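# Structural characterization, general
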Amino acid sequence: MEAAASTSSSGTSSSGTSSSGTAATPAATPSAPPAAERINGGQALIRSLELEGTDTIFGLPGGAILPVYDPILDSPIRHILVRHEQGAGHMAEGYAHATGRPGVAMVTSGPAATNIVTPLCDAYMDSVPMVCITGQVGTKSLGTDAFQEADTVGITRSVTKHNELVTLAADIPLKVRQAFHLATTGRPGPVLLDIPKDIVDPNNPDAWFDWRWPTDEEVLASLPGYRPTTTGHPRKIREAAEMILAAERPVLYIGGGILKARAAEALRELAELLRIPVVTTLMARGAFPDDHELCLGMPGMHGNYTAVTAMQRSDLLIALGSRFDDRVTGKLDEFAPEAKVIHVDIDPAELGKVRNANVPIVGDAKEVIEALLVDLERLGGAEVATDISAWRSTVSGWQEKFPLSYEQSEPGELLKPQFVLEQLRDLSPEDTIVVSGVGQHQMWTSQFWTFRHPYTWINSGGLGTMGFSVPAAIGAKVGMPQRTVWSVDGDGCFQMTAQELVTAATERIPVKVAILNNAYLGMVRQWQEMFYEERYSEVYLSPDLPDYVKWAEAMGCVAFRVESPEEVAPTIIKANEIDDRPVVIEFRTDSSEKVFPMVPSGKGNDEIVVSQNLDAPNVRPDERIK
């Protein structure tokens, strides 16, 4: 996707107004160019963001970036003042996840830049398009250990798709255009521009220059080494089609790249053409409808038995936009031992990185699937494909024998988190966007929510960032204000970034937060119970400190506490009816509840443990933890 395709190369928007928002003035004579407009670096940065279609900046001002904040007062861009720079980054991520457009964050130098490193790394791991602007000390002070100086480019080099220190004001328009182009094309990711204070300071004569908006051709010419391959190799696609038609136990292994490529519809057409079962990884939930008969759900360490075992027994894995993450493969030497692999990815570095592919294809997932569909039809399609009805029957048998399950709490006992999530799911609109933190609640949400639409599930996958949920939910709600947005968080995660609810209340962003309060760092506790002989080291948080209801109310939210099953549904209904401020519900949940199924760390996927009740009828003797 070419960035800013709707703007002309002259800086005049498609509406016929100049980039400053005033009507374009014709030249005095046909042959005379219009007089150049003098503009300073700060104005140029904001105008460039406007021309790239930015409608929201998540940020927090400080000394080095202060000159850029002044022209925001005259800009149509909405600025959302965060309470911590990490919140700005996660809000930009949530916005990007929900809308598909790059999120924009802007902070100052030094500690502000280091505070946004975590969101940058998170976005890098999960291929999230994001543009981050950081302030920097003046060019003459670089390298002197000036106040709030940090080597931002050096610090963020390994967690950005591209980063750059901009040293000339006149370069700002081109650098912004490059940033958006790089963030949104090929494999998406975060791009950072580090802006010294003197090149945006209107009091500095060197900060002024003649405004000019670079053309698309100039942007491409300025990035000679960057040419992402989007069209798959025809011969490889033909090989893949032949392999798919010959397979007896195929599985479509779907990763987040399907969503980044906007390929959900093409994927569904492929699956339905040959009736191939589909697994959707943690980052791909919603890419294929959970209620579709071909959907097996989520594979991996906490995936369901059928999805995990189908991959293990497969003779062909068709990996589309997935990267053979260690949480999916388990012990690599024992992963899908009989499966051949077709691997499609926009990033050539992913091919062969973990598992060698019999047919590697570099390309955009949507384009490759569409080309694959053409070849499959040319070869005869379903009429010539191997009959896989026995395979589908086997898979269906696993689904019946090993469903996700839990035991409901008895009267007087704490809530079961799975029950809370089922109620949230059933009582919220079907297109609700759900944003999770990281830990047990993340896995339960992925397991028990029914995702029928793409772009309704947002979480931190690769980095596993605690504290992600609340700010990311705020960003998602800003990007999709008409949608219901639920943040599902744990008490440990919530305490890391809860202050951003002040931002939500101040900015009138009515997100909804469900805290599953089990008074522990739940996933760590689970591992200590199962693998460390119940030696609970530093995982207890307390059920009552802080008081989440009082804390939420102090931040401007409506807040409720729920402790019994009969209170769950009425409180959720009440929360969904509130749409003028944030809402927080604290659910008191059972700390002894663990996430199952589970493939123990370091074990192969055949050693999956289906239930925490090892005497349950759906647990085979060989499924007990070795």
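As the structure is a computational prediction, the values presented were derived from the model and not from experiment.

Remark: the centre distance and the inter-plane angle together describe each pair of aromatic rings, the angle taken between the planes. Under the defined criterion, the tally for this structure stands at 13 aromatic pairs. On the numbers, 5.2 Å between centres and 65 degrees between planes, the contact of Tyr-520 with Tyr-540 is edge-to-face. Residue Tyr-520 is located in the loop between strand S18 (512-517) and helix H21 (522-531), and its partner Tyr-540 is located in the loop between H21 and helix H22 (548-554); the two are separated by 20 residues in the primary sequence. Here Tyr-540 falls in the exposed class, since its relative accessible area comes to 53%.

Locating Gln-482 in the fold gives a position in the loop between helix H18 (469-479) and strand S17 (485-490). With relative accessibility at 58%, the residue Gln-482 sits in the exposed group. Counting along the chain gives 50 residues from Gln-482 to Thr-432, while the straight-line C-alpha distance between them is 10.0 Å.

On to the sheet that holds strand S2 (residues 56-60), then. What the six strands build is an open sheet, ordered S3-S2-S4-S5-S7-S6; its pairing is parallel. At either end of the open sheet lies a strand with only one pairing partner, and these are strand S3 (78-81) and strand S6 (162-165). Going from strand to strand, the sheet's axes swing by 20 degrees on average, the running direction of each strand aside. Pairing analysis gives five bridges linking strand S4 (residues 103-107) to strand S5 (residues 130-136), with the strands arranged parallel. Paired with Val-104 across the strands is Val-131, a residue of S5.

Within the open sheet, the six strands sit side by side as S11-S10-S9-S12-S13-S14. Their pairing is parallel. With partners counted over all chains shown, the strands left at the sheet margins are strand S11 (295-297) and strand S14 (359-362), one partner each. Direction aside, the axes of adjacent strands within the sheet are offset by 20 degrees on average. Bridge analysis of strand S13 (residues 340-345) against S14 gives four bridges, and the strand direction is parallel. Among the inter-strand pairings, Val-344 is bridged to a residue of S14, identified as Ile-361.

As a further point, take the packing of helix H11 (residues 264-274) against helix H14 (residues 365-378). Two numbers describe how H11 lies on H14: the axes approach to 9 Å, and their chain directions differ by 25 degrees. What the angle tells us is that H11 and H14 run roughly parallel. For the pair H11 and H14, the sense of crossing is left-handed. For the pair H11 and H14, contact is made by Ala-266, Leu-267, Glu-269, Leu-270, Leu-273 and Leu-274 and by Ile-369, Glu-370, Leu-372, Leu-373, Leu-376 and Glu-377, respectively. Residues that form the contact of H11 with H14 fall into these classes: nine nonpolar, no polar and three charged.

Once that is clear, we can look at the UniProt feature "domain: Thiamine pyrophosphate enzyme N-terminal TPP-binding" (unreviewed entry) in the protein chain. Within this numbering scheme, the UniProt entry marks residues 40-153 as carrying the feature "domain: Thiamine pyrophosphate enzyme N-terminal TPP-binding" (unreviewed entry). When the span residues 40-153 is considered, its composition is 43% helix and 19% strand, and the gap between its end C-alpha atoms is 23 Å.

A surface patch of negative charge is lined by Glu-269, Glu-367, Glu-370 and Glu-377. The element best represented in the negative patch is H14, accounting for three residues. Structurally, Glu-367 is set in helix H14.

Quick look at the pairing of strand S9 (residues 250-254) now. Of all five residues in S9, five are buried, a share of seventy percent or more. Two elements, S9 and strand S12 (residues 316-320), share five bridges in a ladder whose sense is parallel. Across the sheet, Val-251 pairs through a bridge with Leu-317, a residue of S12. Bridge count between S9 and strand S10 (residues 278-280): three bridges; the pairing is parallel. Residue pairing in the sheet places Tyr-253 in a bridge with Val-279 of S10.

Conventions we followed
- Residues numbered from 1 in each chain as written.
- Predicted model: local features only at pLDDT ≥ 70, side-chain atom pairs only at ≥ 80, totals over all residues.
- Heavy atoms only, no water.
- Phe/Tyr/Trp six-rings, centres within 6.5 Å; stacked < 30°, edge-to-face > 60°.
- Helix = DSSP H or I, 4+ residues; strand = E, 2+ residues; numbered from the N terminus.
- Buried < 20%, exposed > 50% of the residue type's maximum accessible area, 1.4 Å probe, protein only.
- Pairing = 2+ DSSP bridges.
- Axes fitted to C-alpha atoms, helices over the stretch in contact; angles between N-to-C directions.
- Parallel < 35°, antiparallel > 145°, perpendicular 65-115°, else oblique.
- Left-handed = near helix turned anticlockwise from the far one by under 90°.
- Contact = heavy atoms within 4.5 Å.
- Nonpolar A, V, L, I, M, F, W, Y, C, P; charged D, E, K, R; others polar.
- UniProt positions renumbered as here; feature names shortened; annotations may be inferred.
- Patch = residues over 30% accessible without salt bridge, like charges linked within 9 Å, V, L, I, M, F, W, Y side chains within 5 Å.
- Areas by Shrake-Rupley, 256 points an atom, 1.4 Å probe, with all protein chains shown as cover.
- Salt bridge = Lys/Arg side-chain N within 4 Å of Asp/Glu carboxyl O.
- Lys, Arg positive; Asp, Glu negative; His and termini not counted.
- Charge placed at Lys NZ, Arg CZ, Asp CG, Glu CD.

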